[in-house]
Amino acid sequence: MSKNIFINNLSNKNPTKDITQDDIKYKIPEITKKQNITVKVNNRVSFSKKNLPIIAGPNGVESRKLIFKVGEFLKKKGVKILRGHAYKPLTFPYRSKKYLETKDEGMKWLDEVKKHLGLLVTTEVTEIKYLERISMTADILQIGSRNMQNLELLKEIAKLNKPIILKRHFGASIRDLLGAAEHILVEGNNKLILCERGVSIPHTHRETSRFALDIQAIPALKEICNYPIISDPSHASFWAPWVEPLALASVAAGCDGLIIEMHPDPKNSAVDPLQPLNFKQFANLKSRINKLSKIVNKKII
Ligand code: PEP
Ligand code: MN
């Protein structure tokens, strides 16, 4: 349902990086509409004001063995959504032998995990040409931060009418994020989940940390839009010891879900070995989130 939308008096007199009343009226009317949004993934899992789904898994679908090991652990812990990328852009063009994209083979392993463990899967779509294959497997399609404003990709993904996680680019204002989100909504797909995953700032407090989680984005987004906003403290901090405090802070700030990167043996993760939690750290985090969820009145899924 691609359509050209014409608005008379498309005001753009004083654009800023923050959101004006003009923006709400003319540029982001859909995403800022006051309405109750529930993004249903299946009968057991929805993203909404009341729920706190946890998405967890490794960065990449490195091997069948890895993805089954993680899947079995998550199932035991009651986590219902597995993350992992078979297609994966990297900041730099060089890949270690260990980290070749597993592509179609990786997607088949994800199919097997779904079939045998009954988990839902979220995985990143990097290019339109992979969309057909990925959408055969993925229950939630993830748009990585680097593609937040890849508007053609957004449009094609939106047309499939599946749940979408749209990650905020690390240099994007909330206004830009909502503009990208609006591109999805005008295609007629409102199964949209926004994700804060850290922004670039002049310093990040230690050399192993990469971005800074913009906790403030959570209440700021809630003030202006009703779509679920989830937090990814793993990619924000790049540093496993900070993931638990940042996850707790995100829940306290009102997020509607979490993405946590985890790996059975983080130091041997094919990429970003400082970032994933190991199983024990993940179990600790989950039990602390359980306690906090009662205070914020959210149901962990
Ligand atoms: C990821 O989810 O593995 C990822 C690379 O995230 P981001 O797009 O936020 O960097
Ligand atoms: Mn990652």
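Below you will find a few notes about this structure. In this text, all values refer to a predicted model and were calculated from it rather than measured experimentally.

1. Description of the environment of Gly78
Next up, step 1: Its location among the elements puts Gly78 in the loop between helix H2 (64-76) and strand E5 (81-83).
Next up, step 2: Separated by 73 residues in the primary sequence, Gly78 and Leu151 have C-alpha atoms spaced 35 Å apart.

2. Observations regarding the packing of helix H9 (residues 243-253) against helix H10 (residues 279-295)
Next up, step 1: Running from N to C, H9 and H10 point in directions that differ by 20°, and their axes come no closer than 10 Å. By the angle between their axes, H9 is roughly parallel relative to H10. As for how H9 packs across H10, the hand of that crossing is right-handed. Across from Glu244, Ala247, Leu248, Val251 and Ala252 in H9, the residues of H10 making contact are Asn284, Leu285, Arg288, Ile289 and Leu292.
Next up, step 2: Split by residue class, the contact of H9 with H10 holds seven nonpolar, one polar and two charged.

3. Re the site of ligand 1
Next up, step 1: Every residue lining ligand 1 is accounted for by Asn59, Arg83, His85, Lys88, Gln142, Gly144, Ser145, Arg146, Lys167, Arg197, His235 and Glu261.
Next up, step 2: Here an oxygen atom of ligand 1 and a side-chain polar atom of Lys88 are 3.5 Å apart.
Next up, step 3: Here an oxygen atom of ligand 1 and a side-chain polar atom of Gln142 are 3.1 Å apart.
Next up, step 4: Here ligand 1 has 290 Å² of accessible area as a free molecule, and 96% of this is covered by the chains.
Next up, step 5: Taken atom by atom, the bulk of ligand 1 overlaps the second largest pocket.
Next up, step 6: Residue composition of the shell around ligand 1, grouped by class: no nonpolar, six polar and six charged.

4. Things to note about H2
Next up, step 1: Between its terminal C-alpha atoms H2 stretches 18 Å, which fits the 18 Å expected from 13 residues at 1.5 Å a residue.
Next up, step 2: Residues of H2 that are buried: Leu66, Ile67, Phe68, Val70, Gly71, Phe73 and Leu74.
Next up, step 3: Structurally, H2 contributes buried residues whose contacts are with strand E4 (54-57), E5, helix H3 (103-117) and H10.
Next up, step 4: Just downstream of H2 lies Gly78, where phi reads positive at about 80°.

Basis of the calculations
- Residues numbered from 1 in each chain as written.
- Chains lettered and ligands numbered in written order.
- Predicted model: local features only at pLDDT ≥ 70, side-chain atom pairs only at ≥ 80, totals over all residues.
- Heavy atoms only, no water.
- Helix = DSSP H or I, 4+ residues; strand = E, 2+ residues; numbered from the N terminus.
- Axes fitted to C-alpha atoms, helices over the stretch in contact; angles between N-to-C directions.
- Parallel < 35°, antiparallel > 145°, perpendicular 65-115°, else oblique.
- Left-handed = near helix turned anticlockwise from the far one by under 90°.
- Contact = heavy atoms within 4.5 Å.
- Nonpolar A, V, L, I, M, F, W, Y, C, P; charged D, E, K, R; others polar.
- Near = heavy atom within 4 Å.
- Polar contact = N/O pair within 3.5 Å; in protein donor to acceptor, adjacent residues only side chain to side chain.
- Areas by Shrake-Rupley, 256 points an atom, 1.4 Å probe, with all protein chains shown as cover.
- 1 Å grid on protein atoms, 1.4 Å probe; cavity = no way out; pocket = protein on both sides within 12 Å on 5 of 7 lines; lining within 4 Å.
- Sits in = over half its atoms within 2 Å of the grid points.
- Expected span 1.5 Å × (residues − 1).
- Buried < 20%, exposed > 50% of the residue type's maximum accessible area, 1.4 Å probe, protein only.

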